[in-house]
Amino acid sequence: MLSTDRSLPNTGHRYIPQITSLEVPPSPNQELMPLTAQVNSNNQLEIGGCELQLLVQQYGSPLYVLDEFTLRTACSQYRDSFATYYGGESLVIYASKAWSCMAVCRIIDSEGLGFDVVSGGELYTTLEAGVSKDKIYFHGNNKSAAELELAVEAGCTIMVDNWLELKTLTQIATDHSDIPVPIMIRLTPGIECHTHEYIRTGHLDSKFGFDPNQLEEVFAYLSQQSSISCIGLHAHIGSQIFERQPHQDLAVVLVDWLQKAQSYGLPVTTLNVGGGLGIRYTESDDPPSISEWVKAVSQAVEKACQETGLPLPRLIAEPGRSLIGSACVTAYTVGSRKEIPNFHTYVAVDGGMSDNPRPITYQSVYRAVIANRMSEPLTEEVTVAGKHCESGDVVIKKATLPKTEPGDILVVLDTGAYNYSMASNYNRIGRPAAVVVYEGEANLIIERETYHNLIERDRLPERLVKHE
Ligand SMILES: *Cc1c(COP(=O)(O)O)cnc(C)c1O
């Protein structure tokens, strides 16, 4: 987990869970919390110096609470680790699909990182946030012609995924750009890793990237083009990965292809090794630290280059989850309770699959605490249910909590990645607000959707209008 030598605000005590009558599952420990989490003298959870219960009073619930210090620390850990372990030039780019919004872009841009975007909408968000074009890399396995035009006009680097895109882009670049458009080629490396099948991307049967058997033809084509300039290669093996070996294997595969691409005369000097480093959602998750991951990847690239006699390429990594996942929590208000005698207790909260679709999509497991009962003994194992009309709308199947009451503030940990960005309006529930907290100050970064927001783009044909 993150550690830091920057000083933390210190007005309370660290959270030490007290488990009394239950053994499993264990309660969340401090390691699953944002770095600034502490318990104040009222036994209330604070993050970034802000009391969660007060934040909910002010901004309502559900509420995403982003800890700026934790996010900035992860950015600097990636940056500093590459400076320490990699002998060549490097750039860390944030996979903004994890959580794309203006404030997150500003924080990460101010840390000197770049951005990976996968749609016209994410590209637009980074541009509006003032990110410079040379820091933006545009991914996607089915970019539209309109998206490619936007990208060419913005001047960002385009990660080309397939033949249709390559041909379309060559034409757009000829028509719309005076200078060669910088591109990188995404390939399918043929590497398996252990993660959920929906977030695995490196195996050969993946929808992403050129198959290895197409690559030489691609390189030959690129060597004939003057409107586009291939500056490097990219691959990404998947997400929430704890092993280092597949990332090291990937480095070897990419360096090999880099050498082949150079033999076609292409000016390829950049390698993008993707993202994928996992985070701790529960006590039993044991991913490498950011610096351990960077060290393993850097050394693998350096070793492969040494063996092939290639000069060190400019190295790009594009983490999403491991930058922002642990920096955010979601605060809910506890509502109804259903006890099925001798069997099961459900505690319902005021959100669920519309603000966090990961449990129902990937069977993801989360931990939670009760922000206003931080020192009370953990005496119950309950299922935390959402409020949607769907039996599968469960936030946490087995949560070990103190005895809760309606009105309590239940805080789900590690919700920074793929929560807001995958949120929906299912059941016409407005998406939550988000605040950023830092040194005792909270600022709204995303407004809560109102009922009006839910219908403002609905249109009624005249013949359906009700005339009283
Ligand atoms: C999703 C994705 C990432 C980021 O993955 P994380 O697991 O969030 O680090 C990076 N690159 C590409 C191409 C992706 O699709």
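Being a predicted model, the structure only gives us computed values, none of them experimental.

1. Quick look at the pairing of strand β4 (residues 63-67)
Here is step 1 of the chain: Burial analysis of β4 places five of its five residues in the buried class, which makes it a mostly covered element.
Here is step 2 of the chain: Residues Leu63, Val65 and Asp67 line one face of β4 and the alternating positions Tyr64 and Leu66 line the opposite face, and both faces are buried.
Here is step 3 of the chain: As paired elements, β4 and strand β13 (residues 328-340) share four bridges and run antiparallel to each other. Bridge pairing links Val65 to Val329 in β13.
Here is step 4 of the chain: Both β4 and strand β19 (residues 433-438) contribute to a ladder of five bridges, which runs parallel. Note on β19: the bridge partner recorded for Val65 is Val435.

2. Some words on the sheet that holds strand β10 (residues 228-234)
Here is step 1 of the chain: If you trace the eight strands once around the closed barrel, you get β5-β6-β7-β8-β9-β10-β11-β12, paired in parallel fashion. With direction set aside, neighbouring strand axes in the sheet form an average angle of 30 degrees.
Here is step 2 of the chain: Looking at chain direction, β10 and strand β11 (residues 270-272) are connected through three bridges and run parallel. Counted as the bridge partner of Gly232 is Thr270 from β11.

3. Examining the site of the ligand
Here is step 1 of the chain: In the region of the ligand, 15 residues are neighbours, and Lys97, Ser239, Glu318, Arg321 and Tyr418 sit closest.
Here is step 2 of the chain: Within the backbone of Gly320, one N or O atom sits 2.9 Å away from an oxygen atom of the ligand.
Here is step 3 of the chain: Interatomic distance of 2.8 Å between a backbone N/O atom of Arg321 and an oxygen atom of the ligand.
Here is step 4 of the chain: In the complex, 96% of the free accessible area of the ligand, which totals 380 Å², lies under the protein chains.

4. Overview of the packing of aromatic side chains
Here is step 1 of the chain: Across all of its chains, the model carries ten aromatic pairs by this definition.
Here is step 2 of the chain: Pairing Trp163 with Tyr221 gives two aromatic rings, centres 5.4 Å apart and planes at 85 degrees, and the pair type is edge-to-face. Highlighted residues: Trp163 in helix α6 (residues 163-176) and Tyr221 in helix α7 (residues 215-222), separated in sequence by 58 residues.
Here is step 3 of the chain: Take Tyr221: its relative accessible area is 17%, and that puts it in the buried class.
Here is step 4 of the chain: Ring centres 5.2 Å apart and planes at 75 degrees place the aromatic pair Tyr281 and Tyr366 in the edge-to-face group. In this pair, Tyr281 is assigned in the loop between β11 and α9 (290-308) and Tyr366 in the loop between α11 (358-362) and β15 (368-370), connecting sequence segments 85 residues apart. The pair Tyr281 / Tyr366 is uniform in exposure class, with both members buried.
Here is step 5 of the chain: Through pairs of rings, three or more aromatic residues link up here, namely Tyr64, Trp99 and Tyr420.
Here is step 6 of the chain: Seen from the ring of Phe138, Lys143 lies directly overhead, with NZ or CZ sitting 5.7 Å from the centre.
Here is step 7 of the chain: Its end group placed over the ring of Trp257, Lys260 keeps NZ or CZ at 4.6 Å from the ring centre.

Rules used throughout
- Residues numbered from 1 in each chain as written.
- Predicted model: local features only at pLDDT ≥ 70, side-chain atom pairs only at ≥ 80, totals over all residues.
- Heavy atoms only, no water.
- Buried < 20%, exposed > 50% of the residue type's maximum accessible area, 1.4 Å probe, protein only.
- Helix = DSSP H or I, 4+ residues; strand = E, 2+ residues; numbered from the N terminus.
- Pairing = 2+ DSSP bridges.
- Axes fitted to C-alpha atoms, helices over the stretch in contact; angles between N-to-C directions.
- Near = heavy atom within 4 Å.
- Polar contact = N/O pair within 3.5 Å; in protein donor to acceptor, adjacent residues only side chain to side chain.
- Areas by Shrake-Rupley, 256 points an atom, 1.4 Å probe, with all protein chains shown as cover.
- Phe/Tyr/Trp six-rings, centres within 6.5 Å; stacked < 30°, edge-to-face > 60°.
- Lys NZ or Arg CZ within 6 Å of the ring centre and 35° of its normal.

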